[in-house]
Amino acid sequence: WIFGDDDTPAPANETAEAAPSAETISSPLSFGDSGPDVVILQERLAAEDLPVTADGVYSQETADAVMAFQEQEQLTIDGVVGSETGEALGIWSG
């Protein structure tokens, strides 16, 4: 039984480590949204050295980080992560 218990977590850990490279969103995100897609967005913004907490809630902090990224990339500054901003961040699969 111990062997079975030790075996079970390993695949889960491998999956968690492999996931970040394939994390994408397929629908637009904006202020007030929440969930795993928002975490993907927030982690990507943090990787761009923008001040954001990866808590899964598209708060004002996240909107500010998105708009700062949009300004930096000379995109439309609207705080909405659609295809243009998502592609610039490398997380768009829609």
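Check the entry above for the structure.
Source: prediction; values computed, not measured.

Visitor: Would you explain helix H3 (residues 36-47) in this entry?
Guide: Since the α-helix turns once every 3.6 residues, residues separated by three or four places project in the same direction. Here H3 contains 12 residues, and its C-alpha end-to-end distance of 17 Å stays within 8% of the 16 Å for a straight helix at 1.5 Å per residue. When H3 is considered as a whole, its buried residues turn out to be Val38, Ile40, Leu41, Gln42 and Leu45. A positive backbone phi angle near 65° is found at Asp49, which sits one or two residues after H3.

Visitor: Explain the side chain of Thr85 to me, please; I cannot follow it from the model alone.
Guide: Within the fold, Thr85 resides in helix H5 (residues 83-89). Here the side chain of Thr85 touches Gln70 through a polar contact of 3.0 Å, side chain to side chain. Once residues within four sequence positions are removed from consideration, Thr85 is found in contact with Phe69, Gln70, Leu75 and Val80.

Visitor: Sorry, what's going on with helix H4 (residues 60-72) here?
Guide: With 13 residues, H4 extends 18 Å from end C-alpha to end C-alpha; this agrees with the ideal 18 Å at 1.5 Å per step. Looking at the packing, one finds that the buried side of H4 touches H3 and H5. Trailing H4 by a residue or two, Gln74 shows a phi angle of about 55°, which is positive.

Visitor: Which parts of the structure should I look at to understand the pattern of salt bridges?
Guide: One side chain can pair with another of opposite charge once the charged atoms of both are near each other. According to the stated counting rule, one finds one salt bridge in the structure shown. Between Glu48 and Arg44 there is a salt bridge, with its nearest N and O atoms 3.0 Å apart. A residue is classified by how much of its surface remains accessible, and Arg44, at 25% relative accessible area, is partly exposed.

Visitor: Which parts of the structure should I look at to understand the nonpolar core?
Guide: Generally speaking, nonpolar side chains in soluble globular proteins are found buried as a group. Counting 18 residues, the largest nonpolar core has Ile25, Leu29, Leu41, Leu45, Tyr58 and Val81 as the members making the most contacts within it. Elements that contribute at least two residues to this core include exactly H3 and H4. Aside from chain neighbours lying at most four places away, what touches Leu45 is Leu50, Val52, Thr62, Ala65, Val66, Phe69 and Leu89.

Analysis parameters
Counting restarts for each chain: residues are numbered from 1 in the order of the written sequence. Residue-level local features of this predicted model are given only where pLDDT is at least 70; pairs of side-chain atoms are given and counted only at 80 or more, and the full residue set underlies all totals for whole chains, interfaces and linings. Note that water and hydrogens are dropped before the side-chain values are worked out from all heavy atoms of the structure. Every helix listed is a DSSP run of H or I at least four residues long, and every strand listed is a run of E at least two residues long, numbered separately from the N terminus. For a helix, the expected span equals 1.5 Å multiplied by the number of residues minus one. Classification of residues uses two cut-offs on accessible area relative to the type maximum, computed with a 1.4 Å probe and protein chains only: under 20% is buried, over 50% is exposed, and between them is partly exposed. Any N or O atom pair separated by 3.5 Å or less is treated as a polar contact, with the protein-specific requirement of one donor-capable and one acceptor-capable atom, and with residues adjacent in sequence counted only for side-chain atom pairs. Two residues qualify as a contact provided that any one of their heavy atoms is within 4.5 Å of a heavy atom in the partner residue. Counted as salt bridges are all cases of a side-chain nitrogen of Lys or Arg within 4 Å of a carboxyl oxygen of Asp or Glu. Residues grouped as a nonpolar core are buried Ala, Val, Leu, Ile, Met, Phe, Trp, Tyr and Cys residues, joined through side-chain atoms within 4.5 Å.

Keep in mind that these numbers describe shape and distance, not what the molecule does.
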